[in-house]
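Spelled out, the chains give:
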Amino acid sequence: MSDGAVLHVKGRVLVGPEDVRDELWVVGGRVSYDRPAGVRDIRTVAGWALPGLVDAHCHVGLDAHGPVDADTAEKQALTEREAGALLLRDAGSPSDTRWTDDRADLPKIIRAGRHIARTRRYIRNYGWEIEPEDLVAYVAQEARRGDGWVKLVGDWIDRDLGDLSACWPREAARAAIAEAHRLGARVTAHCFATDSLRDLVEAGIDCVEHATGLTDELIPLFAERGVAIVPTLVNIATFPQLAAGGDSKFPRWSAHMRRLHARRYDTVRGAYDAGIPVYVGTDAGGSLAHGLVAGEVAELVTAGIPAVDAVSATTWGARAWLGRPGLEEGAPADLVVYEGDPRADVRVLAAPRRVVLNGRVVE
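Residues numbered from 1 in each chain as written. Predicted model: local features only at pLDDT ≥ 70, side-chain atom pairs only at ≥ 80, totals over all residues. Heavy atoms only, no water.

Chemist: Explanation requested: the nonpolar core in the structure shown.
Modeler: Among soluble globular proteins, nonpolar side chains are generally buried collectively. By size, the foremost hydrophobic cluster in this structure holds 85 residues, and its most contacted members are Leu135, Val150, Leu152, Ile205, Leu214, Phe222 and Leu300. Per element, the largest residue contribution to this core is 5 residues, and it comes from helix 3 (residues 170-182). Excluding anything up to four places from it in sequence, Val150 contacts Ala112, Ile116, Val139, Glu142, Ala143, Ala180, Ala185, Arg186, Val187 and Thr188. The next biggest cluster of nonpolar side chains, apart from the first, holds 16 residues, and it includes Val31, Tyr33, Leu327 and Leu335. (Core = buried A, V, L, I, M, F, W, Y, C linked by side-chain atoms within 4.5 Å. Buried < 20%, exposed > 50% of the residue type's maximum accessible area, 1.4 Å probe, protein only. Helix = DSSP H or I, 4+ residues; strand = E, 2+ residues; numbered from the N terminus. Contact = heavy atoms within 4.5 Å.)

Chemist: For this particular structure, what's the right way to read the environment of Arg269?
Modeler: Here Arg269 is to be found in helix 9 (residues 264-273). A relative accessible area of 31% places Arg269 in the partly exposed class. Taking the C-alpha atoms as reference, Arg269 lies 6.5 Å from Ile305; in sequence the two are 36 residues apart. Within the structure, Arg269 has its side chain in polar contact with the side chain of Asp273 (distance 2.6 Å). (Polar contact = N/O pair within 3.5 Å; in protein donor to acceptor, adjacent residues only side chain to side chain.)

Chemist: Even after reading the chapter, I still don't get the sheet that holds strand 8 (residues 85-90), so can you show me in this structure?
Modeler: For sheets, the rule is that strands pair by backbone hydrogen bonds, running either parallel or antiparallel. Strand order in the open sheet formed by 3 strands is 5-8-9, and the pairing between neighbours is parallel. Each end of this open sheet is capped by a strand with a single partner; those strands are strand 5 (53-58) and strand 9 (108-111). Direction aside, neighbouring strands of the sheet carry axes that sit 20 degrees apart on average. By the bridge criterion, 4 bridges tie strand 8 to strand 9 in an arrangement that is parallel. Each residue of the ladder has a partner; that of Arg89, found in strand 9, is Ile110. Docked against the sheet, helix 1 (residues 70-82) engages strand 5 and strand 8, running at close to 130 degrees with respect to strand 8. (Pairing = 2+ DSSP bridges. Axes fitted to C-alpha atoms, helices over the stretch in contact; angles between N-to-C directions.)

Encoded structure:
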(Lines give C-alpha, C1' and ligand atoms only; values in the text may rest on other atoms or scores of the structure.)
Protein backbone atom coordinates (compact mmCIF):
# COMPACT_ATOMS: atom_id res chain seq x y z
CA MET A 1 0.00 0.00 0.00
CA SER A 2 1.50 3.35 -1.00
CA ASP A 3 2.05 6.08 1.55
CA GLY A 4 -0.73 8.18 0.01
CA ALA A 5 -3.29 5.38 -0.12
CA VAL A 6 -6.31 5.19 2.15
CA LEU A 7 -7.25 1.90 3.74
CA HIS A 8 -10.91 1.02 4.09
CA VAL A 9 -11.67 -1.69 6.66
CA LYS A 10 -15.22 -2.94 6.38
CA GLY A 11 -17.28 -5.73 7.83
CA ARG A 12 -17.30 -5.57 11.61
CA VAL A 13 -14.95 -3.30 13.55
CA LEU A 14 -14.74 -4.14 17.26
CA VAL A 15 -13.90 -0.78 18.77
CA GLY A 16 -14.88 -2.23 22.15
CA PRO A 17 -16.51 -5.43 23.39
CA GLU A 18 -19.96 -4.00 22.64
CA ASP A 19 -19.00 -1.10 20.34
CA VAL A 20 -19.22 -2.66 16.88
CA ARG A 21 -19.08 -0.54 13.73
CA ASP A 22 -19.39 -1.37 10.05
CA GLU A 23 -16.21 0.28 8.82
CA LEU A 24 -13.22 2.42 9.55
CA TRP A 25 -10.78 4.35 7.42
CA VAL A 26 -7.03 4.68 7.77
CA VAL A 27 -5.81 8.08 6.66
CA GLY A 28 -2.24 9.18 7.21
CA GLY A 29 -1.62 6.11 9.36
CA ARG A 30 -4.45 6.93 11.78
CA VAL A 31 -7.95 5.69 12.46
CA SER A 32 -10.92 7.67 11.19
CA TYR A 33 -14.63 6.91 11.15
CA ASP A 34 -15.36 9.58 8.55
CA ARG A 35 -15.04 8.71 4.89
CA PRO A 36 -12.29 10.94 3.42
CA ALA A 37 -13.40 13.17 0.58
CA GLY A 38 -11.85 13.16 -2.87
CA VAL A 39 -9.64 10.12 -2.39
CA ARG A 40 -9.05 7.85 -5.37
CA ASP A 41 -6.37 5.46 -4.10
CA ILE A 42 -8.33 3.21 -1.73
CA ARG A 43 -7.50 -0.32 -0.61
CA THR A 44 -10.26 -2.35 1.01
CA VAL A 45 -9.87 -5.07 3.61
CA ALA A 46 -12.91 -7.00 4.85
CA GLY A 47 -13.49 -9.06 7.97
CA TRP A 48 -13.64 -8.71 11.76
CA ALA A 49 -11.20 -6.02 12.90
CA LEU A 50 -9.69 -5.76 16.37
CA PRO A 51 -7.06 -3.49 17.93
CA GLY A 52 -3.60 -5.01 17.57
CA LEU A 53 -3.21 -7.76 20.14
CA VAL A 54 -1.19 -7.26 23.33
CA ASP A 55 1.35 -9.69 24.73
CA ALA A 56 1.80 -8.23 28.20
CA HIS A 57 4.65 -10.55 29.16
CA CYS A 58 7.31 -11.38 26.63
CA HIS A 59 11.03 -10.81 26.18
CA VAL A 60 12.34 -9.41 22.90
CA GLY A 61 16.12 -9.69 22.81
CA LEU A 62 16.34 -12.71 25.11
CA ASP A 63 16.61 -16.46 24.70
CA ALA A 64 17.24 -19.36 27.08
CA HIS A 65 20.89 -18.38 27.50
CA GLY A 66 20.66 -14.60 27.82
CA PRO A 67 20.77 -11.60 25.49
CA VAL A 68 20.65 -12.17 21.73
CA ASP A 69 21.93 -10.17 18.76
CA ALA A 70 19.83 -7.61 16.90
CA ASP A 71 19.04 -9.98 14.01
CA THR A 72 17.56 -12.53 16.41
CA ALA A 73 15.63 -9.86 18.30
CA GLU A 74 14.24 -8.61 14.99
CA LYS A 75 13.03 -12.10 14.11
CA GLN A 76 11.37 -12.37 17.51
CA ALA A 77 9.53 -9.09 16.99
CA LEU A 78 8.48 -10.07 13.46
CA THR A 79 7.11 -13.36 14.77
CA GLU A 80 4.97 -11.43 17.24
CA ARG A 81 3.77 -9.18 14.43
CA GLU A 82 2.78 -12.14 12.28
CA ALA A 83 0.70 -13.44 15.20
CA GLY A 84 -1.10 -10.08 15.41
CA ALA A 85 0.66 -8.97 18.62
CA LEU A 86 1.40 -5.32 17.89
CA LEU A 87 1.93 -4.09 21.46
CA LEU A 88 4.41 -5.91 23.69
CA ARG A 89 5.23 -5.37 27.33
CA ASP A 90 8.79 -6.62 27.55
CA ALA A 91 8.84 -7.96 31.11
CA GLY A 92 12.59 -7.87 31.60
CA SER A 93 15.50 -8.13 29.19
CA PRO A 94 19.25 -7.50 29.37
CA SER A 95 19.24 -6.39 25.71
CA ASP A 96 18.94 -2.81 24.56
CA THR A 97 16.09 -2.92 22.06
CA ARG A 98 15.53 0.84 21.78
CA TRP A 99 16.51 0.64 18.12
CA THR A 100 13.17 -1.04 17.40
CA ASP A 101 11.39 2.22 18.25
CA ASP A 102 12.65 3.62 14.96
CA ARG A 103 11.18 0.73 12.96
CA ALA A 104 7.59 1.41 11.86
CA ASP A 105 7.33 -2.21 10.70
CA LEU A 106 7.91 -3.69 14.18
CA PRO A 107 5.52 -3.97 17.14
CA LYS A 108 5.59 -1.25 19.76
CA ILE A 109 7.43 -2.29 22.95
CA ILE A 110 6.85 -1.15 26.53
CA ARG A 111 10.00 -2.07 28.45
CA ALA A 112 10.46 -2.98 32.10
CA GLY A 113 14.24 -2.66 32.07
CA ARG A 114 16.25 -5.66 33.23
CA HIS A 115 15.08 -8.23 35.78
CA ILE A 116 16.20 -7.51 39.35
CA ALA A 117 16.96 -10.72 41.24
CA ARG A 118 18.72 -11.95 44.37
CA THR A 119 22.27 -13.21 44.07
CA ARG A 120 22.35 -16.73 42.56
CA ARG A 121 18.55 -16.82 42.66
CA TYR A 122 17.60 -16.56 39.00
CA ILE A 123 18.48 -17.68 35.48
CA ARG A 124 22.08 -16.94 34.63
CA ASN A 125 22.70 -13.95 32.31
CA TYR A 126 19.14 -12.63 32.66
CA GLY A 127 18.97 -10.11 35.48
CA TRP A 128 20.89 -7.97 37.90
CA GLU A 129 21.74 -10.18 40.89
CA ILE A 130 21.91 -8.08 44.03
CA GLU A 131 21.22 -8.08 47.77
CA PRO A 132 18.33 -6.28 49.53
CA GLU A 133 20.36 -3.27 50.59
CA ASP A 134 20.87 -2.41 46.90
CA LEU A 135 17.28 -2.98 45.80
CA VAL A 136 16.11 0.65 45.92
CA ALA A 137 19.07 1.84 43.85
CA TYR A 138 18.59 -0.82 41.18
CA VAL A 139 14.85 -0.23 41.00
CA ALA A 140 15.51 3.48 40.48
CA GLN A 141 18.03 2.67 37.75
CA GLU A 142 15.64 0.36 35.87
CA ALA A 143 12.70 2.75 36.35
CA ARG A 144 14.72 5.37 34.48
CA ARG A 145 15.72 2.90 31.75
CA GLY A 146 12.30 1.38 31.20
CA ASP A 147 9.00 2.62 29.81
CA GLY A 148 7.08 2.98 33.04
CA TRP A 149 7.62 -0.53 34.45
CA VAL A 150 10.16 -2.31 36.66
CA LYS A 151 10.44 -6.11 36.97
CA LEU A 152 11.43 -7.88 40.19
CA VAL A 153 12.07 -11.58 40.66
CA GLY A 154 9.82 -12.14 43.66
CA ASP A 155 10.68 -15.77 44.31
CA TRP A 156 12.94 -18.49 42.97
CA ILE A 157 14.39 -21.78 44.09
CA ASP A 158 16.51 -21.57 47.24
CA ARG A 159 19.03 -24.36 46.76
CA ASP A 160 19.65 -24.73 50.47
CA LEU A 161 15.94 -25.07 51.14
CA GLY A 162 15.35 -27.17 48.03
CA ASP A 163 12.18 -25.26 47.16
CA LEU A 164 10.79 -21.93 46.04
CA SER A 165 11.09 -19.10 48.55
CA ALA A 166 10.63 -15.33 48.62
CA CYS A 167 13.61 -13.24 47.50
CA TRP A 168 13.03 -9.89 49.22
CA PRO A 169 12.40 -8.86 52.83
CA ARG A 170 9.14 -6.99 53.23
CA GLU A 171 10.65 -3.61 54.09
CA ALA A 172 13.14 -3.75 51.22
CA ALA A 173 10.29 -4.44 48.81
CA ARG A 174 8.20 -1.64 50.27
CA ALA A 175 11.01 0.92 49.94
CA ALA A 176 11.84 -0.18 46.39
CA ILE A 177 8.24 -0.08 45.18
CA ALA A 178 7.77 3.34 46.76
CA GLU A 179 10.85 4.58 44.88
CA ALA A 180 9.55 3.22 41.58
CA HIS A 181 6.22 4.94 42.14
CA ARG A 182 8.01 8.19 43.01
CA LEU A 183 9.73 7.97 39.63
CA GLY A 184 6.46 7.30 37.83
CA ALA A 185 6.98 3.58 37.20
CA ARG A 186 4.78 0.63 38.03
CA VAL A 187 6.27 -2.56 39.46
CA THR A 188 5.62 -6.16 38.59
CA ALA A 189 7.21 -9.35 39.89
CA HIS A 190 7.81 -12.91 38.82
CA CYS A 191 6.09 -15.06 41.45
CA PHE A 192 5.45 -18.80 41.28
CA ALA A 193 4.97 -19.58 44.97
CA THR A 194 2.66 -18.24 47.66
CA ASP A 195 5.03 -16.95 50.32
CA SER A 196 6.19 -13.85 48.41
CA LEU A 197 2.72 -12.60 47.49
CA ARG A 198 1.34 -10.97 50.64
CA ASP A 199 4.46 -8.93 51.31
CA LEU A 200 4.63 -7.67 47.72
CA VAL A 201 0.96 -6.76 47.53
CA GLU A 202 0.99 -4.99 50.89
CA ALA A 203 4.17 -3.23 49.77
CA GLY A 204 2.17 -1.70 46.90
CA ILE A 205 3.08 -3.79 43.88
CA ASP A 206 1.00 -3.17 40.75
CA CYS A 207 1.08 -6.55 39.02
CA VAL A 208 2.21 -10.13 39.52
CA GLU A 209 3.45 -12.36 36.71
CA HIS A 210 2.41 -16.05 36.68
CA ALA A 211 0.72 -15.84 40.12
CA THR A 212 0.45 -19.62 40.37
CA GLY A 213 0.71 -19.37 44.16
CA LEU A 214 -2.52 -17.39 44.57
CA THR A 215 -4.73 -18.89 47.27
CA ASP A 216 -8.32 -18.36 48.38
CA GLU A 217 -6.93 -16.41 51.34
CA LEU A 218 -4.86 -14.05 49.16
CA ILE A 219 -7.31 -13.49 46.31
CA PRO A 220 -9.42 -10.92 48.26
CA LEU A 221 -6.25 -8.95 49.05
CA PHE A 222 -5.32 -8.77 45.35
CA ALA A 223 -8.86 -7.73 44.47
CA GLU A 224 -9.01 -5.06 47.18
CA ARG A 225 -5.68 -3.55 46.10
CA GLY A 226 -6.43 -3.83 42.36
CA VAL A 227 -3.29 -5.85 41.69
CA ALA A 228 -3.37 -7.34 38.19
CA ILE A 229 -2.09 -10.77 37.21
CA VAL A 230 -0.61 -12.04 33.95
CA PRO A 231 -0.94 -15.83 34.29
CA THR A 232 1.24 -16.93 31.31
CA LEU A 233 -0.58 -20.26 31.15
CA VAL A 234 1.29 -21.36 28.04
CA ASN A 235 4.42 -21.14 30.17
CA ILE A 236 2.86 -22.84 33.20
CA ALA A 237 2.13 -25.77 30.87
CA THR A 238 5.89 -26.51 30.97
CA PHE A 239 5.94 -27.06 34.75
CA PRO A 240 5.69 -30.90 34.57
CA GLN A 241 8.70 -31.00 32.26
CA LEU A 242 10.65 -28.68 34.56
CA ALA A 243 9.65 -30.75 37.58
CA ALA A 244 10.85 -33.96 35.95
CA GLY A 245 14.26 -32.39 35.46
CA GLY A 246 14.53 -31.57 39.17
CA ASP A 247 13.26 -34.83 40.69
CA SER A 248 16.65 -36.21 41.66
CA LYS A 249 18.23 -33.04 43.04
CA PHE A 250 15.28 -30.96 44.29
CA PRO A 251 12.33 -33.34 44.87
CA ARG A 252 10.54 -30.86 47.15
CA TRP A 253 10.67 -28.17 44.48
CA SER A 254 9.53 -30.63 41.79
CA ALA A 255 6.51 -31.70 43.84
CA HIS A 256 5.66 -28.04 44.47
CA MET A 257 5.80 -27.20 40.74
CA ARG A 258 3.49 -30.11 39.95
CA ARG A 259 0.95 -28.89 42.51
CA LEU A 260 1.02 -25.39 41.09
CA HIS A 261 0.49 -26.80 37.61
CA ALA A 262 -2.37 -29.05 38.67
CA ARG A 263 -4.44 -26.17 40.06
CA ARG A 264 -3.49 -23.54 37.48
CA TYR A 265 -6.94 -23.22 35.90
CA ASP A 266 -8.72 -23.06 39.25
CA THR A 267 -6.28 -20.34 40.35
CA VAL A 268 -6.94 -18.17 37.31
CA ARG A 269 -10.69 -18.66 37.40
CA GLY A 270 -10.76 -17.84 41.12
CA ALA A 271 -8.86 -14.63 40.46
CA TYR A 272 -11.19 -13.65 37.61
CA ASP A 273 -14.32 -14.41 39.63
CA ALA A 274 -13.05 -12.16 42.43
CA GLY A 275 -12.59 -9.24 40.05
CA ILE A 276 -8.79 -9.35 39.81
CA PRO A 277 -7.69 -7.87 36.45
CA VAL A 278 -6.28 -10.66 34.26
CA TYR A 279 -4.21 -9.93 31.15
CA VAL A 280 -2.67 -11.98 28.35
CA GLY A 281 1.06 -12.68 28.42
CA THR A 282 3.02 -15.63 27.09
CA ASP A 283 6.55 -15.37 28.60
CA ALA A 284 7.91 -15.83 25.08
CA GLY A 285 11.58 -15.16 24.54
CA GLY A 286 13.15 -17.17 27.33
CA SER A 287 12.73 -20.84 26.58
CA LEU A 288 9.40 -20.34 24.77
CA ALA A 289 8.95 -19.39 21.14
CA HIS A 290 7.38 -16.08 20.20
CA GLY A 291 3.98 -15.74 18.55
CA LEU A 292 1.91 -17.60 21.18
CA VAL A 293 -0.61 -14.89 22.03
CA ALA A 294 -3.63 -16.69 20.51
CA GLY A 295 -2.75 -19.82 22.47
CA GLU A 296 -2.71 -17.85 25.72
CA VAL A 297 -6.16 -16.41 25.01
CA ALA A 298 -7.41 -19.95 24.41
CA GLU A 299 -5.88 -21.04 27.72
CA LEU A 300 -7.76 -18.30 29.58
CA VAL A 301 -10.98 -19.61 28.06
CA THR A 302 -10.05 -23.13 29.12
CA ALA A 303 -9.60 -21.76 32.64
CA GLY A 304 -13.21 -20.58 32.56
CA ILE A 305 -12.89 -16.92 31.57
CA PRO A 306 -15.67 -15.94 29.11
CA ALA A 307 -14.43 -15.48 25.55
CA VAL A 308 -15.25 -11.77 25.36
CA ASP A 309 -13.22 -11.08 28.52
CA ALA A 310 -10.34 -13.25 27.33
CA VAL A 311 -10.30 -11.25 24.09
CA SER A 312 -10.41 -8.00 26.08
CA ALA A 313 -7.40 -9.22 28.07
CA THR A 314 -5.34 -8.97 24.88
CA THR A 315 -7.12 -6.01 23.21
CA TRP A 316 -9.31 -3.27 24.71
CA GLY A 317 -8.70 -4.01 28.36
CA ALA A 318 -4.99 -4.67 28.00
CA ARG A 319 -4.39 -1.51 25.99
CA ALA A 320 -6.26 0.62 28.50
CA TRP A 321 -4.27 -0.92 31.35
CA LEU A 322 -1.00 -0.14 29.58
CA GLY A 323 -2.12 3.36 28.66
CA ARG A 324 -2.16 2.80 24.90
CA PRO A 325 -5.05 3.49 22.51
CA GLY A 326 -7.10 0.94 20.63
CA LEU A 327 -9.23 1.89 17.64
CA GLU A 328 -10.36 5.30 18.86
CA GLU A 329 -10.70 8.17 16.40
CA GLY A 330 -7.23 9.50 15.59
CA ALA A 331 -5.32 6.60 17.15
CA PRO A 332 -2.42 4.99 15.30
CA ALA A 333 -3.90 2.37 13.01
CA ASP A 334 -2.61 -0.84 14.61
CA LEU A 335 -5.20 -3.52 13.96
CA VAL A 336 -5.73 -7.13 12.96
CA VAL A 337 -8.48 -8.48 10.70
CA TYR A 338 -9.92 -11.98 11.13
CA GLU A 339 -12.34 -14.26 9.31
CA GLY A 340 -14.80 -14.47 12.19
CA ASP A 341 -15.87 -13.00 15.50
CA PRO A 342 -13.34 -13.91 18.23
CA ARG A 343 -15.97 -13.23 20.89
CA ALA A 344 -17.79 -16.28 19.57
CA ASP A 345 -14.70 -18.44 19.05
CA VAL A 346 -11.27 -17.28 20.21
CA ARG A 347 -9.59 -19.84 17.95
CA VAL A 348 -9.92 -17.40 15.03
CA LEU A 349 -7.16 -15.33 16.67
CA ALA A 350 -4.64 -17.96 15.58
CA ALA A 351 -5.13 -17.06 11.90
CA PRO A 352 -5.02 -13.32 11.15
CA ARG A 353 -6.32 -12.44 7.70
CA ARG A 354 -4.55 -9.08 7.63
CA VAL A 355 -2.22 -7.22 9.99
CA VAL A 356 -2.11 -3.42 9.81
CA LEU A 357 0.70 -1.68 11.67
CA ASN A 358 1.06 2.09 11.74
CA GLY A 359 -1.55 2.27 8.99
CA ARG A 360 0.26 -0.02 6.57
CA VAL A 361 -0.92 -3.48 5.59
CA VAL A 362 1.77 -6.05 6.38
CA GLU A 363 2.32 -8.10 3.24
